[in-house]
Amino acid sequence: MNEISTYLKTTDQTLTHKVDSMAATIIFMTGSTGFIGKEAVKQLVDENLQLLLLVRSESKARQGLTSYGISDFSRITFVQGDLSVEGLGLTAADRRRVLGADVIIHAGGTMDVTLGRKVAERIFMNGAREVAGLAEEIQQIKGLRHFIHVVGFMSPYGLRNEKGEAIPTGNVAPNESAYEEMKFHADLYLREHAVKNQYPLSVVNPSTVVGPRPTGETEQTGGIGLLIQAMQKRLMPVVPGGSSYWLPLVENDVVGRTLVFLTKEAFPTGGTYPLLARKETSPNMKELLHLLAKQLDVPKPKWAVPLSWMQFAMRSGGARISGVPAESVSFITDRIWHVEETEDLFKRMGQTWPDIREQLPSVTADLDYRLSLKPYKNLSSGWTRTRIGDLAALGWEGEGEPWLIVHGMLNCADEMVPLGEELHQLTGNPVWLVDLAGFGRSAVHQGEGAFDGQVDELVTAIGEFEGPMKLVGHSIGAAIASAALQRSGRTDIRLALLQPVAHNTNPNMLRWISRLPRGIMRTLLSRRSEKSWRHLLNPHSTQAEGSITTSALAGRIRSSLQSPRIAGAHAGLLRWIYSGKIKGSTSTFGGSTWNRADLANSALVVWAGRDTEYHYPGDMNPQCKRVDVPYGHYFPVFQYRETAAILVKWGNLNIDFRFQSEVEMYVIPNRLPKGSIQAQRSTKGSTNDRRD
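Conventions we followed
Residues numbered from 1 in each chain as written. Predicted model: local features only at pLDDT ≥ 70, side-chain atom pairs only at ≥ 80, totals over all residues. Heavy atoms only, no water. Helix = DSSP H or I, 4+ residues; strand = E, 2+ residues; numbered from the N terminus. Buried < 20%, exposed > 50% of the residue type's maximum accessible area, 1.4 Å probe, protein only. Contact = heavy atoms within 4.5 Å. Areas by Shrake-Rupley, 256 points an atom, 1.4 Å probe, with all protein chains shown as cover. Pairing = 2+ DSSP bridges. Axes fitted to C-alpha atoms, helices over the stretch in contact; angles between N-to-C directions. Parallel < 35°, antiparallel > 145°, perpendicular 65-115°, else oblique. Left-handed = near helix turned anticlockwise from the far one by under 90°. Nonpolar A, V, L, I, M, F, W, Y, C, P; charged D, E, K, R; others polar. Phe/Tyr/Trp six-rings, centres within 6.5 Å; stacked < 30°, edge-to-face > 60°. 1 Å grid on protein atoms, 1.4 Å probe; cavity = no way out; pocket = protein on both sides within 12 Å on 5 of 7 lines; lining within 4 Å. Points joined across faces, edges and corners; volume = space filled by probe spheres on them. Salt bridge = Lys/Arg side-chain N within 4 Å of Asp/Glu carboxyl O. Expected span 1.5 Å × (residues − 1). pLDDT = per-residue confidence, 0-100. Polar contact = N/O pair within 3.5 Å; in protein donor to acceptor, adjacent residues only side chain to side chain.

### Focus on the overall build of the protein
Then, number 1: Along the backbone of the protein there are 23 helices and 19 strands.
Then, number 2: Relative to its full complement of 692 residues, the protein shows a buried share of 59%.
Then, number 3: Counting contacts in the protein only where the partners sit at least 6 residues apart, residues at least 24 apart contribute 79% of the total.
Then, number 4: Only carbon and sulfur atoms are counted for the fraction: they give 50% of the accessible area of the protein, which is about 28700 Å².

Encoded structure:
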């Protein structure tokens, strides 16, 4: 009995020590503002620990982490320094702070496969030596619980066979870029240093990293982004290496969860963890390129060529001609990794490896959008990106009935942000802006017919909201919203149509283009000059203070249509708008949706009289509440404050709904009455990349 009591007491003391040690955990981290680092920090701030983040600029680091959705900095201390300088550039006070760390996560280093040798050596080798020096000193002072090093999956060190036996140390391939070579030399240096100083080392080897679920936001465009860029430009007509080659991929939230779990281990033993699926369960290069081609709306590669031939061609001038660096194929491999150690780790984590095929459409659309358009500058903060159904979305959480806003032609959700933000500020309601399929950051739809496919996608998105809501559509988005509402069978949704467009067009250039074959349509749209788009906008683009300029919008339209995916989505809907007929379509529309009395009773139509492209729909139900404004077609973008005021007055059932023929200045309460939160949205990150 005494032996049992002694055992229980000893065990209890051990568990108490374990809990206390976790409560006191201090983590020193490099690379916290990188693509992997930000996600890791976002997950780590929810744990019971303190973070010391090495950054070159605290203000920039704080801004970057805030824009990624991190709002709680109570557990974060920034220490200013640089991996490429002696002593990391730490002050004496900061060095003392770092020497109190229990865990080191070394994930620092510029993600640039084109780095020169001297720069790469300063960043990776000097950084490894300096961080290792800190680890050695901590080990001597009090013992370092865990060193976690994040390094690329192509490193030849730390490999094991299918029996779990260590493979003799390999060598860096002679044709590796300086970027890869120096990362791998740093890997070897830290492995040898950990053995010499006897502290646990875990090496995490992420494969090519893409964005997290649900958004697929991949701000690091160097990896698979280089491949997508080549396909955008029709410069990948063949399959590099053929079906025996592959490009291993992993989402950055998976990497983040792995790092968090390793930091929480009380008694780590170390190991090497390649973060990739088994080759036989992953898409090979042929399947991968076919999946990308389907999303990018470009022809599928038909033939395979040896990878060495492609590398030689690109290094012999092809990269200079194409504008795509030779390193774009450097992560393609026929190698097999034995991932038993990783699979054991994931079992301890209670995780299963996700199928990357499910995430590829969102990743592809996000990268295609990033590579086609420059991000908006000075975008206000406080909103988040997510996915609603299969549509990319951004918006604001709030209380009361949510608003769902659908953009029109030549726009995407980003152009509607000022309107959405104004609505959110006036009402406090949740406001969500979606990208139509194939527009903005949304993957192309797989439905039949350009119009019907969009309607089906929006019906799915609407289905994620429970209870009453308000659905707002602009231009073709109004027609899609109206048809989606009818198809959904919902009776608790109120509909607002801003400049609704179906087949109510005036004769113009776009009508002529719509009669051409789809491929020619898409080419003409992509080749139309910025000046001509500006000319189209100018007649009806009187701009309100703070709105985007016509020049900036014309430039964005021109840039976006360089994407075959976005140009193809426009071509399909333009054909439907101007002809009412499209191959595969089952919808004639004909105004039947917005002519329904049961929808019209509570519906709003806002019509801009200076629109030269379209006329008011003749079959619009007269019971719809109509407001006329003295603007042009794109008034929700240019006159977003007036548009928001009209929508708020319509949306508030307690306010007498009477409008004059011209837009008037309304007295809007500072905040409408708040109800219970409806349709809570799951979000992933926020962005801060906005407006000219």
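Continuing now.
### Things to note about the sheet that holds strand β3 (residues 76-80)
Then, number 1: Judged by pairing direction, the sheet is parallel, and its seven strands sit side by side in the order β3-β2-β1-β4-β5-β6-β10 without closing on themselves. Two strands bound the open sheet, and with one partner strand each, they are β3 and β10 (271-275). Within the sheet, the average angular offset between the axes of one strand and its neighbour, ignoring direction, is 15°.
Then, number 2: Of the strands in this sheet, β1 (26-30), β2 (50-55), β3, β4 (103-106), β5 (146-150) and β6 (201-206) are in contact with helix α2 (residues 35-44), which crosses β1 at around 165°.

### Points about the pairing of β5
Sheet faces and side chains relate simply in a regular strand, where the side chains alternate between the two faces.
Then, number 1: The element β5 is largely enclosed, with a buried count of five among its five residues.
Then, number 2: Inspection of the sheet shows β5 paired to β6 by four bridges, in the parallel sense. In the sheet register, His149 faces β6, and the bridge partner there is Val203.

### So, the packing of helix α18 (residues 530-537) against helix α19 (residues 550-560)
Then, number 1: Where α18 meets α19, the closest approach of the two axes is 8 Å, and the angle between their N-to-C directions is 125°. In terms of axis orientation, α18 runs oblique to α19. For the pair α18 and α19, the sense of crossing is right-handed. Seen from α18, the contacting residues are Glu530, Trp533, Arg534 and Leu537; seen from α19, they are Thr550, Ser551, Leu553, Ala554, Gly555, Ile557 and Arg558.
Then, number 2: Across the contact of α18 with α19, the residue classes break down as five nonpolar, three polar and three charged.

### Focus: the packing of aromatic side chains
Then, number 1: Applying the stated criterion to the full structure yields 10 aromatic pairs.
Then, number 2: Between Trp246 and Trp337 the ring centres are 6.1 Å apart and the planes differ by 65°, which places this aromatic pair in the edge-to-face class. Taken together, the positions of Trp246 in the loop between β8 (238-240) and β9 (249-251) and Trp337 in the loop between α10 (307-322) and α11 (340-349) put the pair 91 residues apart, joining distant regions of the chain.
Then, number 3: Between Trp403 and Trp650 the ring centres are 6.2 Å apart and the planes differ by 65°, which places this aromatic pair in the edge-to-face class. Remark: Trp650 occurs in helix α23 (residues 640-651) and Trp403 occurs in strand β14 (residues 403-406); sequence separation between them is 247 residues.
Then, number 4: Trp403 sits in the buried class, given a relative accessible area of 1%.
Then, number 5: Within the aromatic cluster, the residues linked to one another by ring pairs are Phe153, Trp246, Phe331 and Trp337.

### Some words on empty space enclosed by the protein
Then, number 1: Evaluated as defined, the whole model comprises four cavities of 30 Å³ or more.
Then, number 2: Roughly 110 Å³ of internal volume is contained in the largest cavity.
Then, number 3: In this structure, the largest cavity is lined by 13 residues; those nearest its centre are Met409, Leu410, Leu510, Tyr614 and Tyr634.
Then, number 4: Mapped onto the lining of the largest cavity, the elements with two or more residues apiece are α18 and α20 (564-579).
Then, number 5: What the second largest cavity holds in volume is close to 100 Å³.
Then, number 6: In terms of lining residues, the second largest cavity is bounded by 13 residues, among which Leu410, Asn411, Cys412, Glu415 and Ser560 are the most central.

### Overview of helix α13 (residues 417-427)
Then, number 1: Taking burial as the measure, the 11 residues of α13 include 10 buried ones, the bulk of the element.
Then, number 2: In this structure, the buried residues of α13 make contact with β13 (391-396), β14, β15 (431-434), α22 (635-638) and α23.
Then, number 3: One or two steps after α13, the chain reaches Gly428, where phi turns positive at roughly 75°.

### Some words on the pattern of salt bridges
Then, number 1: For the structure on display, the rule yields 32 salt bridges.
Then, number 2: In this structure, the salt-bridge partner of Glu280 is Arg278, at a minimum N-O distance of 4.0 Å.
Then, number 3: Under the relative-accessibility criterion, Glu280 is labelled exposed at 61%.
Then, number 4: Residue Asp492 is joined to Arg490 by a salt bridge in which the shortest nitrogen-to-oxygen separation is 2.8 Å.

### Regarding the sheet that holds strand β17 (residues 493-498)
Then, number 1: Within the open sheet, the eight strands sit side by side as β12-β13-β15-β14-β16-β17-β18-β19. Their pairing is mixed. Either end of the sheet is taken by a strand with one partner, and the two such strands are β12 (384-388) and β19 (625-629). For this sheet, the mean angle separating the axes of adjacent strands, direction not counted, is 20°.
Then, number 2: The sheet contacts of helix α15 (residues 476-488) involve β14, β16 (469-474) and β17, and relative to β16 the element is tilted by about 140°.

### Quick word on the environment of Gly632
Then, number 1: Mapped onto the elements, Gly632 comes out in the loop between β19 and α22.
Then, number 2: Residues Gly632 and Leu537 lie 95 residues apart in sequence; the distance between their C-alpha atoms is 8.6 Å.

### A few points about helix α8 (residues 252-264)
Then, number 1: With 13 residues, α8 should reach 18 Å at 1.5 Å per residue; the first-to-last C-alpha distance of 19 Å fits that figure.
Then, number 2: The element α8 is largely enclosed, with a buried count of 10 among its 13 residues.
Then, number 3: Of all the positions in α8, only Asn252, Asp253, Val254, Val255, Gly256, Thr258, Leu259, Val260, Leu262 and Thr263 are classed as buried.

### Describing the confidence of the model for the protein
Then, number 1: Within the protein, residue pLDDT values average 83, and 80% of them lie at 70 or more.
Then, number 2: Here residues 1-23 is modelled with pLDDT under 50, and outside its nearest four sequence neighbours on either side it reaches seven contacts, counting other chains as well.
Then, number 3: This stretch, residues 654-692, has a pLDDT under 50; its non-local contacts, to residues over four places away or in other chains, come to 132 contacts.

### Quick look at the pairing of β6
Then, number 1: Counting buried positions along β6 gives six out of six residues, so the element sits mostly inside the fold.
Then, number 2: Alternating positions in β6 separate into two faces, Leu201, Val203 and Asn205 on one and Ser202, Val204 and Pro206 on the other, with burial throughout.

### Comments concerning the environment of Gln295
Then, number 1: Of note, Gln295 is situated in helix α9 (residues 285-296).
Then, number 2: When the C-alpha positions of Gln295 and Val444 are compared, they lie 6.0 Å apart, and in sequence the two are 149 residues distant.
Then, number 3: Beyond its immediate chain neighbours, meaning those up to four positions away, Gln295 contacts Pro361, Thr364, Ala443, Val444, Gln446 and Arg565.
Then, number 4: A distance of 3.2 Å separates a polar side-chain atom of Gln295 from the backbone nitrogen of Val444.

### Some words on the side chain of Asp187
Then, number 1: The residue Asp187 is located in helix α6 (residues 178-197) in this model.
Then, number 2: A polar side-chain atom of Asp187 sits 2.9 Å from a polar atom in the side chain of Arg191.
Then, number 3: Ignoring anything within four residues of it in the chain, the contact list for Asp187 reads His149, Val151, Ser155, Tyr157 and Val203.

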